[in-house]
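# Fold and geometry: a report
Spelled out, the chains give:
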Amino acid sequence: MAPVKVFFDDADGVRREVEADEGTTLMAAAVASGIPGIVAECGGAGACATCHVYVKEEWLAATGEIHALEEDMLEFAVDVRPNSRLSCQIRLFAQLDGLLVTTPSTQA
Ligand code: FES
């Protein structure tokens, strides 16, 4: 299995590239690579909203539907936008190779 490459832009526009094994969540890939701005307090349980990211519009469909739990939790995130997602709820597979997200300026 080839690694999946994803890009994280921070709020200042600095881009960081991460490679992760298929099946890894976007949050876990970010934390393992020390991406600033992903706090992930609950460790991926979908219960904290501190792994909030903005998915670049052209990648929204590929990241899949938002489940009700994620939608509820996003209400606790700061500066929620139509392309907001919890990165722990996005699992990386080959079709997400090249995924681009932006981390918010703050998680709380
Ligand atoms: S890590 Fe807590 S909601 Fe994603």
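Heads up: these notes are all about the structure in this document. (Residues numbered from 1 in each chain as written. Predicted model: local features only at pLDDT ≥ 70, side-chain atom pairs only at ≥ 80, totals over all residues. Heavy atoms only, no water.)

Turning our eyes to something else, we now look at the overall build of the protein chain. Broken down by element type, the protein chain carries two helices and five strands. Order of helices (α) and strands (β) in the protein chain, N terminus to C terminus: β-β-α-β-α-β-β. Relative to the globule expectation of 13 Å for 108 residues, the C-alpha radius of gyration of the protein chain, 12 Å, shows essentially globular dimensions. Dimensions of the protein chain, computed from the C-alpha atoms along their principal axes, are close to 35 × 30 × 25 Å. By residue count, 42% of the 108 residues in the protein chain fall in the buried class. (Helix = DSSP H or I, 4+ residues; strand = E, 2+ residues; numbered from the N terminus. Rg over C-alpha atoms; globule rule 2.2 N^0.38 Å. Buried < 20%, exposed > 50% of the residue type's maximum accessible area, 1.4 Å probe, protein only.)

Moving on to the pairing of strand E1 (residues 4-9). As paired elements, E1 and strand E2 (residues 15-20) share six bridges and run antiparallel to each other. Across the sheet, Asp-9 pairs through a bridge with Arg-15, a residue of E2. By the bridge criterion, four bridges tie E1 to strand E5 (residues 99-102) in an arrangement that is parallel. Residue Phe-7 lies in a different strand from E5, and its bridge partner there is Leu-100. (Pairing = 2+ DSSP bridges.)

This part covers the sheet that holds E1. With mixed pairing, the five strands of this open sheet are ordered in space as E2-E1-E5-E3-E4. Looking at strand neighbours, the two that pair on one side only are E2 and strand E4 (84-86), the edges of this open sheet. Averaged over all pairs of adjacent strands, the angle between their axes in this sheet comes to 40 degrees, without regard to strand direction. (Axes fitted to C-alpha atoms, helices over the stretch in contact; angles between N-to-C directions.)

Ranked by size, the top nonpolar core spans 28 residues in total, and within it Val-6, Phe-8, Leu-26, Ile-38, Leu-92 and Leu-99 carry the most contacts. For this core, the elements supplying multiple residues, two or more each, are E1, E2, helix H1 (26-32), strand E3 (52-55), helix H2 (68-74) and E5. Beyond its immediate chain neighbours, meaning those up to four positions away, Leu-26 contacts Val-6, Phe-8, Val-53, Ser-87, Ile-90, Leu-92, Leu-99 and Val-101. (Core = buried A, V, L, I, M, F, W, Y, C linked by side-chain atoms within 4.5 Å. Contact = heavy atoms within 4.5 Å.)

Once that is clear, we can look at the environment of Cys-42. Relative to the assigned elements, Cys-42 resides in the loop between H1 and E3. Residues contacting Cys-42, with those up to four places away along its chain left out, are Ala-47 and Cys-48.

What is shown is where atoms sit, not what they do.
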